[in-house]
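# Coordinate inspection notes
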Amino acid sequence: MYKFLFFLLVICLFGCNSKQTIKTKYFEGNALGTTYHIKFFSEEEVNWEKGLDSIYEVVNKSMSTYLPNSDISKINKGDTTIVVDNMFKEVFLLSKEINKSTSGYFDPTVGNLVNAYGFGAEELNYLSDKELDSLFVLVGIDKMELSEDNRLKKENINSYIEFNAVAKGYTIDRLAIFLENNNVDNYLIELGGELRVKGINKEKKQAWRVGLDNPYQTELKREITAILELKNEALATSGNYRKFRQDSITGQRFVHTINPLTGKAEKSNILSASVLATTCAEADAYATAFMAMGLEKSKLVIENLTGIDAYLIYTENDSTKVYSTAKFKKQLVKD
């Protein structure tokens, strides 16, 4: 899934007003295979860089499938001796919870199928029924449990688990906890296009503002479709709309996404899903699930959830439309 958020953080990300007494802190760099930007206001003298970097290191060691010696990589290779840490445990249990609330559409064990379909290629690599069945039998977070001593028990040792659709959001939440534990009451944390804020932008003396991408923008020209005000909440956007395909007969635009319930790559009419939640881990996971569910199923889930709001850009009869919950709509900045 490609996650895009065009940040209007030209809100002085690289500087501060010298007349202000409050100190602006700004950090940016690379982490978890993507970039991050953190802006906050504090008078505290803390070794901020060391503290922030230590969180990335712990998350990577626990949950990065790109590191061969991480705990999750060892588990995926069949190592049953690994005792997972509290971070892994929290993400696993949250994934179980969201898997249940989305009727199985959020499932971190579908990674092998995503890779096998070759979504990064020009054309989909359609699998034979036999190949599909051999991979699909391994899918299902309900086939995994944590033991009392925090070892991951799998029904099939070849099952593969990855937290790519929730780990970035969870990392942001851990960064937020670190800042709050150091008396930071106003911050914006962005990692790989997902973010969490608290308080206000004290330079602008207003709520934090971010922009949502236009699904039909080009690589050379980025455009926003809406501006959103945030306060004390998290936002994640999921979308592979730059990988959309067009039906040669109907002209309908659609994207492919893996349905964890069938193991097949299916058409989705949602081009992007932006989700507001208390935590970024939740926002991250639900945004991914809605992409797989499509509009009608997503609306049913959203209506039965507390604290989850969404802005879904979808296609209908070859035209682009928007579904927005009342809270999300209220926070959109009017011209």
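Look a little higher up for the structure.
Procedures and definitions
All residue numbers here refer to positions counted from 1 along the written sequence of the relevant chain. Given that the model is predicted, a residue must reach a pLDDT of at least 70 before its local features are reported, and side-chain atom pairs must reach 80 or more before they are shown or counted; all residues, however, enter totals for whole chains, interfaces and linings. Where side-chain values are given, they derive from all heavy atoms of the structure, hydrogens and water being excluded. The term nonpolar core refers to a set of buried residues drawn from Ala, Val, Leu, Ile, Met, Phe, Trp, Tyr and Cys, joined through side-chain atoms within 4.5 Å. We call a residue buried when its accessible area falls under 20% of the maximum for its residue type, exposed when it is over 50%, and partly exposed in between, using a 1.4 Å probe and counting protein chains only. Only DSSP runs of H or I covering at least 4 residues are called helices, and only runs of E covering at least 2 are called strands; the numbering of each starts at the N terminus. Contacts were defined at the residue level, with two residues in contact if any of their heavy atoms lie within 4.5 Å. When DSSP finds two or more bridges between a pair of strands, those strands are recorded as paired. Helix axes use the C-alpha atoms of the stretch in contact, all axes being lines fitted to C-alpha atoms, and the angles between their N-to-C directions lie in the range 0 to 180 degrees.

### Here we look at the nonpolar core
Counting residues in each nonpolar core, the largest one holds 68 residues, and the members touching the most others are Ile38, Phe88, Phe92, Phe163, Leu179, Phe290 and Leu312. If you tally residues by element for this core, the top one is helix α7 (residues 280–293), at 11 residues. When residues no more than four places from it in sequence are discounted, the contact partners of Leu312 are Ile270, Ser272, Ala273, Phe290, Leu295, Ser298, Ile302, Lys321, Val322 and Tyr323. Judged by nonpolar contacts, the second largest core, of 16 residues, contains Val210, Tyr311, Ile313 and Leu332.

### Re the sheet that holds strand β15 (residues 319–324)
Judged by pairing direction, the sheet is antiparallel, and its 8 strands sit side by side in the order β1-β2-β5-β6-β9-β13-β14-β15 without closing on themselves. Looking at strand neighbours, the two that pair on one side only are β1 (24–31) and β15, the edges of this open sheet. Each strand of the sheet is rotated relative to its neighbour by a mean of 10°, with strand direction disregarded. In the sheet, strand β14 (residues 309–316) pairs with β15 via 6 bridges, with the strands oriented antiparallel. When the bridges of β15 are listed, Tyr311 appears paired with Ser324. Most of the contacts of helix α6 (residues 167–181) go to strand β5 (residues 187–191), to which it runs at about 155°, and overall it touches β2 (34–41), β5 and β6 (194–198).

### Comments concerning unusual backbone geometry
Even without being a glycine, Asn150 presents a positive backbone phi close to 65°. Using a relative accessible area of 15% as the deciding quantity, one classes Asn150 as buried. For Lys205, which is not glycine, the phi torsion reads 55° and is therefore positive. For Lys205, the location among the structural elements is in the loop between β6 and β7 (208–213). Taking the relative accessible area as the measure of exposure, Lys205 reaches 68% and is therefore exposed.

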